[in-house]
Amino acid sequence: MADSIDNISVADILGPWVDPDSDSGLIARCRKAWNKPLRDLSSEELATFLRQRFAVEQLLPVAKKRLEDGIDDDTEMFDGELQQAIEYASKAI
């Protein structure tokens, strides 16, 4: 089951990207990662989606496993960013 979840993207869960009326760094980061398989998302991309509460139910297990496995891809904007995003998103469920 985990493999099938890992192979889907946020687009598969929430639908195709729709450009908003404005643009920002946040929007650009989300747009860039929207179609990536969940397993290929960087720690920073996972943290971004979790903070925005996009596909939390599917992303939380992927993010938690990354931390449990000690995977550090040097993409976090600050140390502990992914852990903080997991804690934030967990409050939403």
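That block above? That's the structure.
Parameters and conventions
Residues numbered from 1 in each chain as written. Predicted model: local features only at pLDDT ≥ 70, side-chain atom pairs only at ≥ 80, totals over all residues. Heavy atoms only, no water. Core = buried A, V, L, I, M, F, W, Y, C linked by side-chain atoms within 4.5 Å. Buried < 20%, exposed > 50% of the residue type's maximum accessible area, 1.4 Å probe, protein only. Helix = DSSP H or I, 4+ residues; strand = E, 2+ residues; numbered from the N terminus. Contact = heavy atoms within 4.5 Å. Axes fitted to C-alpha atoms, helices over the stretch in contact; angles between N-to-C directions. Left-handed = near helix turned anticlockwise from the far one by under 90°. Nonpolar A, V, L, I, M, F, W, Y, C, P; charged D, E, K, R; others polar.

Draft legend 1. Molecular detail of the nonpolar core. Counting residues in hydrophobic clusters, the biggest one holds 21 residues, and the most contacted among them are Leu-41, Leu-46, Phe-49, Leu-50, Leu-59 and Leu-82. Only α2 (10-14), α3 (25-33), α4 (43-51), α5 (56-68) and α6 (81-90) provide two or more residues apiece to this core. Examining the composition of this core, we find that 5 residues originate from one element, α5, more than from any other. Once you skip the residues sitting within four places of it in the chain, Leu-46 turns out to touch Leu-41, Leu-59, Val-62, Ala-63, Arg-66 and Leu-82.

Draft legend 2. Just the packing of α4 against α5, in detail. Remark: α4 packs on α5, axes separated minimally by 10 Å, with the N-to-C direction vectors making an angle of 145°. The crossing of α4 and α5 is left-handed. Two secondary-structure elements touch here, α4 through Ser-43, Leu-46, Phe-49 and Leu-50 and α5 through Val-56, Leu-59, Leu-60, Val-62, Ala-63 and Arg-66. The residue makeup of the contact of α4 with α5, split by class, is 8 nonpolar, 1 polar and 1 charged.

Draft legend 3. Spotlight on α4. Summarising burial for α4: 8 of the 9 residues are buried, a large majority. When we look at burial in α4, the residues that qualify are Ser-43, Glu-44, Glu-45, Leu-46, Ala-47, Thr-48, Phe-49 and Leu-50. Looking at the buried residues of α4, the elements they touch are α2, α3, α5 and α6. Note on α4: the residue one or two positions beyond its end, Arg-53, has a positive phi of about 60°.

Draft legend 4. View of the environment of Lys-36. Tracing the backbone through its elements, the reader meets Lys-36 in the loop between α3 and α4. Lys-36 gets classed as partly exposed once you look at its relative accessible area, which sits at 26%. Between the C-alpha atom of Lys-36 and that of Glu-87, which follows or precedes it by 51 residues, the distance is 23 Å. Ignoring any residue separated from it by four or fewer positions in sequence, one finds Lys-36 in contact with Ile-8, Ser-9, Val-10, Leu-41 and Glu-45.

The quantities given are spatial measurements derived from coordinates; they are silent on function.
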